[in-house]
Amino acid sequence: MPIQVAAHGFELTTPLKEACEAESRDKLHSIALNHIKTKWTLSIQREEQIAHLTWVDGAFNGDVTVKSTDMYNSIHQCAKKAVEQLKKSHAKKQDHHKDSRSIFYAQDTE
């Protein structure tokens, strides 16, 4: 479960790095189907504090960007949106062979 954190335009502090790691561990890793990998990119543009999260969970992947006036809020909201995306992508997962096998087994039992 690798978690990468990078900062652009400012020096990455330990509390910011720990906040990103905690959000990944507490929210994303608990619902991941596979060994999820996350990459955080934090940046500052004028008054905007930007958090960008890219994640890969096996065949599922996504990215989220959140801008706000507080970096910790950006990180939190970014993780929240990623959880929503992750749940939505998992809900779309289908076993395309399940129905054909159940029909096959139903024909054998008749």
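Rules used in this analysis
Residues numbered from 1 in each chain as written. Predicted model: local features only at pLDDT ≥ 70, side-chain atom pairs only at ≥ 80, totals over all residues. Heavy atoms only, no water. Helix = DSSP H or I, 4+ residues; strand = E, 2+ residues; numbered from the N terminus. Buried < 20%, exposed > 50% of the residue type's maximum accessible area, 1.4 Å probe, protein only. Contact = heavy atoms within 4.5 Å. Areas by Shrake-Rupley, 256 points an atom, 1.4 Å probe, with all protein chains shown as cover. Axes fitted to C-alpha atoms, helices over the stretch in contact; angles between N-to-C directions. Parallel < 35°, antiparallel > 145°, perpendicular 65-115°, else oblique. Left-handed = near helix turned anticlockwise from the far one by under 90°. Nonpolar A, V, L, I, M, F, W, Y, C, P; charged D, E, K, R; others polar. Salt bridge = Lys/Arg side-chain N within 4 Å of Asp/Glu carboxyl O. pLDDT = per-residue confidence, 0-100. Pairing = 2+ DSSP bridges.

### Section: the overall build of the chain
So, step 1. Summing up its helical and strand segments, the chain has three helices and four strands in all.
So, step 2. Element order for the chain, N to C, with α for helix and β for strand: β-α-β-β-β-α-α.
So, step 3. Per-residue burial over the chain gives 35% buried out of 110 residues.
So, step 4. The long-range share in the chain, meaning contacts at least 24 apart out of those at least 6 apart in sequence, stands at 50%.
So, step 5. Counting only carbon and sulfur atoms, one obtains 49% of the accessible surface of the chain, whose full area is about 7400 Å².

### Quick word on the packing of helix α1 (residues 14-31) against helix α2 (residues 71-92)
So, step 1. Following both chains from N to C, one finds α1 and α2 inclined at 20°, their axes separated by 10 Å at the closest point. In terms of axis orientation, α1 runs roughly parallel to α2. For the pair α1 and α2, the sense of crossing is right-handed. Contacts between α1 and α2 pair Pro15, Leu16, Ala19, Cys20, Glu23, Lys27, Leu28 and Ile31 from the former with Met71, Tyr72, Ile75, His76, Ala79, Ala82, Val83, Leu86, Lys87 and His90 from the latter.
So, step 2. Here the contact of α1 with α2 is built from residues that sort into 13 nonpolar, two polar and three charged.

### As for the pattern of salt bridges
So, step 1. Per the counting criterion, the structure on display carries one salt bridge.
So, step 2. The partner of glutamate 23 in a salt bridge is lysine 27, and the shortest N-O contact between them spans 2.9 Å. One end of the pair is glutamate 23 and the other is lysine 27, both in helix α1 and four residues apart, which spans about a single turn.
So, step 3. Residue lysine 27 is classed as partly exposed on the basis of its relative accessible area of 23%.

### Concerning the confidence of the model for the chain
So, step 1. Overall, the prediction assigns the chain a mean pLDDT of 82, with 83% of residues at 70 or greater.
So, step 2. Confidence, read as mean pLDDT per element, is least for helix α3 (residues 98-109) in the chain (51) and greatest for strand β2 (residues 37-45) (92).

### What to know about the sheet that holds strand β3 (residues 48-57)
Paired through their backbone hydrogen bonds, the strands of a sheet run either parallel or antiparallel.
So, step 1. Ordered in space as β1-β2-β3-β4, the four strands form an open sheet in which the pairing is mixed. The sheet terminates laterally at β1 (3-8) and β4 (60-68), the two strands that pair on one side only. Between one strand axis and the next, the sheet turns through 10° on average, direction left out of account.
So, step 2. Packed onto the sheet, α2 meets β2, β3 and β4 and runs at close to 30° relative to β3.

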